[in-house]
Amino acid sequence: MTILDRQVSLQQNLFYALQKYRIFWFILLLTATLDYVTTLQFMLNDSIALEANLVIRYLAYEFGIFQGVMIGKSLQIFSAMAFCALSRELSRAVLLLIILLNCLAIFINTTFN
């Protein structure tokens, strides 16, 4: 694929990120799972209306709490894969940013419950 007159190999970039940053992918999946569980707990105890993430809130209203949050987390993992496939150089930064956001969400879900 050509982006901005530069040849980008999506498969090679994604494969590189999966191999080079294997521990980051593991931590990403772990934090995504913990965020899923704490978000479910938060929504079941309080309300969907208190969810700060507009996408997750919309999905929870449309598909239900369990399916909506799962779709949102799946979209997050898919977007991490897409960004890592687009740029080999930025894959570590993208993974670390998403891990940080998940950790922040876990903290907020458990603290303000």
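For every chain, the first residue of the written sequence is number 1, and numbering continues from 1 along that sequence. It should be noted that, the model being predicted, local features are given only for residues of pLDDT at least 70 and side-chain atom pairs only at 80 or more, the latter also being counted only at that level, while totals for whole chains, interfaces and linings use all residues. Water and hydrogen atoms play no part in the side-chain values, which are based on all heavy atoms of the structure.

- Looking up the protein in an unreviewed UniProt entry gives the name DUF5658 domain-containing protein, with the organism given as Thalassotalea psychrophila.

## Considering the packing of helix α2 (residues 22-45) against helix α5 (residues 91-111)
Right, on to step 1. Whenever a helix is involved, its axis is fitted only over the stretch in contact; in every case the axis is a line through C-alpha atoms, and angles between N-to-C directions fall within 0 to 180 degrees. A run of H or I in DSSP counts as a helix once it spans at least four residues, and a run of E counts as a strand once it spans at least two, with each numbered from the N terminus. Where α2 contacts α5, the axes come no closer than 9 Å and their chain directions differ by 25 degrees. The angle between the axes of α2 and α5 places the two elements in the roughly parallel class. You can see that α2 and α5 cross each other, and the crossing is left-handed. For the pair α2 and α5, the contacting residues are F24, W25, I27, L28, T31, A32, L34, D35, T38, T39 and F42 in the first and R92, L95, L96, I98, I99, N102, C103, A105, I106, N109 and T110 in the second.
Right, on to step 2. Class assignment for the residues of the contact of α2 with α5 results in 14 nonpolar, 6 polar and 2 charged. Small angles under 35 degrees read as roughly parallel and large ones over 145 as roughly antiparallel, with 65 to 115 read as roughly perpendicular and the rest as oblique. Each crossing gets its handedness from the near helix: less than a right angle anticlockwise from the far helix is left-handed, clockwise is right-handed. Two residues qualify as a contact provided that any one of their heavy atoms is within 4.5 Å of a heavy atom in the partner residue. Here the term charged refers only to Asp, Glu, Lys and Arg, the term nonpolar to Ala, Val, Leu, Ile, Met, Phe, Trp, Tyr, Cys and Pro, and the term polar to all other amino acids, Gly among them.

## Some thoughts on a nonpolar patch on the surface
Right, on to step 1. Patch building starts from residues that exceed 30% relative accessible area and form no salt bridge, then joins like charges within 9 Å and nonpolar side chains (Val, Leu, Ile, Met, Phe, Trp, Tyr) within 5 Å. Each accessible area is a Shrake-Rupley estimate made with a 1.4 Å probe; only the visible protein chains count as cover when residues are assessed. The working definition used for a salt bridge is a side-chain nitrogen of Lys or Arg within 4 Å of a carboxyl oxygen of Asp or Glu. Nonpolar side chains collect at one region of the surface, where L97, L100, L101, L104, F107, I108 and F112 lie side by side and expose about 730 Å² of accessible area between them.
Right, on to step 2. Counting through the fold element by element, F107 comes out in helix α5.
Right, on to step 3. Summary of the burial criterion: residues with accessible area below 20% of their type's maximum are buried, those above 50% are exposed, and those between are partly exposed, where the area comes from a 1.4 Å probe applied to protein chains only. According to the relative accessible area criterion, F107 is partly exposed, its value standing at 48%.

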